[in-house]
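Summary of structural features
Each chain, written out:
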Amino acid sequence: MNFSEVFKLSSLLCKFSPDGKYLVWSLEQPEWHCKIDEGSAGLVASCWSPDGRHILNTTEFHLRITVWSLCTKSVSYIKYPKACLQGITFTRDGRYMALAERRDCKDYVSIFVCSDWQLLRYKILLYSLDGRLLSAYSAYEWSLGIKSVAWSPSSQFLAVGSYDGKVRILNHVTWKMITEFGHPATINNPKIVVYKEAEKSPQLGLGCLSFPPPGAGAGPLPSSESKYEIASVPVSLQTLKPVTDRANPKIGIGMLAFSPDSYFLATRNDNIPNAVWVWDIQKLRLFAVLEQLSPVRTFQWDPQQPRLAICTGGSRLYLWSPAGCMSVQVPGEGDFAVLSLCWHLSGDSMALLSKDHVCLCFLETEASVSTACRQLGGHT
């Protein structure tokens, strides 16, 4: 009888002797049995895997866990198990195992894949079109890994954002890391331009007041003004303390986008939610930082030139280019909350989306606006 047939049967694990030996019998076929010997390492605990095809033995002093495969007779080792009563648990489907570990005088919970008993790592696998695995990349071990990925339009670079608040740039030849960009909460380099959004309420003088004629409705109050100011370094950015005991903590690089010429990379670190970082890819350095008054919801590059559009869920649109940046009030009655945006392929217009409405924004000359309006005339 082969092994695959035996393991479909019920089995019993029984300690054989105190010197680290176990015997395994099949309850339905008593003639089948096997012996597991841990040798001088000794044993303090043992358990089945959910599939019934592996036995996990914990050695004395919790030096390691030995995983014995009854199918292939192979052995896997897991280091650093923590000495505790309930240090191992499995998911209901048996695909993953959580293990309490003690490494470098610190406690960890590691997730293992039960198919090969390897540590679950958030990594990138790069394949060719014919299905060949070209490379596998993992930013680091023992923690949450990759959170976001972006290709450069030139296909020369791959930007990898991770939960540790860093972006790694990989090249397309060897798929090795060229450099990494950190996102500190304090900017100290005087060569970096830091734009801070400032909001000021309009001042009303008595000499400028005018009263509407009788019977006329009251018009809307003038809204506050928004503009960018260049801050003097050092600049401390607003940070958000992540709630680590909940799922999907607001930490790490959640957004990445390359400019159409691949010269610039825009990023957002989720625990510094009000800031957009613009990196110079040619010189591999930080170029500018924009700090908004509200958390950044999204940003998108102009498809034709290095011009970045940003929205924060308010009634303003923010634009950045290497020449500078500006804040634009979205015209219309009431507050139009810009929740997302989308550039036209020509780069001369974009659609601004709120919860229930869409606003078309034209950024070029009056001639191009008139042409666009004529083209849209039969489709409104």
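Details of the structure are given in the entry above.
The notes below deal with the structure included here. Note that this is a predicted model, so its numbers are computed, not measured. All residue numbers here refer to positions counted from 1 along the written sequence of the relevant chain. Totals for whole chains, interfaces and linings use every residue, but because this is a predicted model, local features are given only for residues with pLDDT of at least 70 and side-chain atom pairs only at 80 or more, for both listing and counting. In computing side-chain values, all of the structure's heavy atoms are included and hydrogens and water are not.

With that out of the way, let us pick up the sheet that holds strand E8 (residues 88-90). Taken together, the four strands give an open sheet; going across it, the order is E8-E9-E10-E11, and neighbouring strands pair in antiparallel fashion. Edge strands, defined here as strands with exactly one partner in the open sheet, are E8 and strand E11 (118-119). The pairing criterion for strands is at least two bridges between them, as found by DSSP. Helix and strand assignments follow DSSP, with helices taken as H or I runs no shorter than four residues and strands as E runs no shorter than two, numbered in order from the N terminus. Two strands pair when backbone bridges link them, and E8 and strand E9 (residues 96-103) are joined in this way by three bridges, in the antiparallel orientation. Each residue of the ladder has a partner; that of threonine 89, found in E9, is alanine 98.

This next bit is on the nonpolar core. Generally speaking, a soluble globular protein has its nonpolar side chains buried in company with each other. In this description, a nonpolar core means a group of buried Ala, Val, Leu, Ile, Met, Phe, Trp, Tyr and Cys residues linked to one another through side-chain atoms lying within 4.5 Å. To sort residues, take the accessible area from a 1.4 Å probe on protein chains only and compare it with the maximum for the residue type: under 20% means buried, over 50% means exposed, and anything in between is partly exposed. Val167, Ile187, Leu237, Leu265, Trp277 and Val289 are the most contacted members of the largest nonpolar core, which totals 23 residues. The set of elements that each furnish at least two residues to this core consists of strand E15 (157-162), strand E16 (166-171), strand E22 (253-258), strand E24 (275-280) and strand E25 (285-291). Those residues in contact with isoleucine 187 that sit more than four places away from it in its chain are Ile192, Val194, Val233, Pro234, Val235, Leu237, Trp277, Leu286 and Val289. The next biggest cluster of nonpolar side chains, apart from the first, holds 18 residues, and it includes Ala266, Val296, Phe299 and Tyr318. By definition, residues are in contact when any of their heavy atoms lie within 4.5 Å.

Before going further, it helps to examine the packing of aromatic side chains. Two rings belonging to Phe, Tyr or Trp (six-membered ring only in the last case) form a pair when the distance between their centres is within 6.5 Å. Interplanar angles under 30 degrees mark stacking, angles over 60 mark edge-to-face geometry, and anything in between is tilted. In the structure shown here, the tally under the stated rule is 10 aromatic pairs. Ring plane angle 70° and centroid distance 6.0 Å describe the contact between tyrosine 228 and tyrosine 318, whose orientation is recorded as edge-to-face. Linking tyrosine 228 in strand E20 (residues 225-230) with tyrosine 318 in strand E28 (residues 316-321), this pair joins segments that are 90 residues apart in sequence. This pair shows no difference in class: tyrosine 228 is buried, exactly as tyrosine 318 is. An angle of 80° between the planes, with centres 5.5 Å apart, marks the rings of phenylalanine 264 and tryptophan 320 as edge-to-face. Placement of the pair is phenylalanine 264 in strand E23 (residues 264-269) and tryptophan 320 in strand E28, with a sequence separation of 56 residues. With relative accessibility at 2%, the residue tryptophan 320 sits in the buried group. Taken together, the aromatic side chains of Phe264, Phe287, Trp301 and Trp320 make up a single cluster linked through ring pairs. A cation over an aromatic ring shows up here: arginine 103 above the ring of tyrosine 108, its NZ or CZ 3.9 Å from the ring centre. The rule for a charge over a ring is simple: NZ of Lys or CZ of Arg within 6 Å of the ring centre, and within 35 degrees of the ring normal.

Bringing the pattern of salt bridges into the picture now. Side chains that differ in charge, positive against negative, can pair when their charged atoms come close. Throughout this description, the term salt bridge denotes a Lys or Arg side-chain nitrogen within 4 Å of a carboxyl oxygen of Asp or Glu. Summed over the entire model, instances satisfying the criterion amount to 12 salt bridges. Lysine 166 is paired through a salt bridge with glutamate 180; the nearest N and O atoms lie 3.4 Å apart. Note that lysine 166 is positioned in strand E16 and glutamate 180 in strand E17 (residues 177-182), a separation of 14 residues in sequence. A residue is classified by how much of its surface remains accessible, and glutamate 180, at 34% relative accessible area, is partly exposed. In this structure, aspartate 270 engages arginine 268 in a salt bridge whose closest nitrogen and oxygen atoms are separated by 2.9 Å. What makes aspartate 270 buried here is its relative accessible area of 11%. Overlapping salt bridges, with partners in common, bring together Asp164, Lys166, Arg168 and Glu180 in one network.

If you walk across this open sheet you meet the six strands as E20-E19-E25-E24-E23-E22, and the pairing is mixed. Of all the strands in the sheet, just E20 and E22 have a single pairing partner and so form its edges. The sheet shows a mean angle of 20° between the axes of neighbouring strands, taken without regard to direction. In the sheet, E23 pairs with E24 via four bridges, with the strands oriented antiparallel. By the bridge assignment for E24, threonine 267 is matched with tryptophan 277. The axes are straight lines fitted to the C-alpha atoms, using for helices just the contacting stretch, and the angles between their N-to-C directions are given from 0 to 180°.

Functional significance is not addressed by these values, which are geometric in nature.
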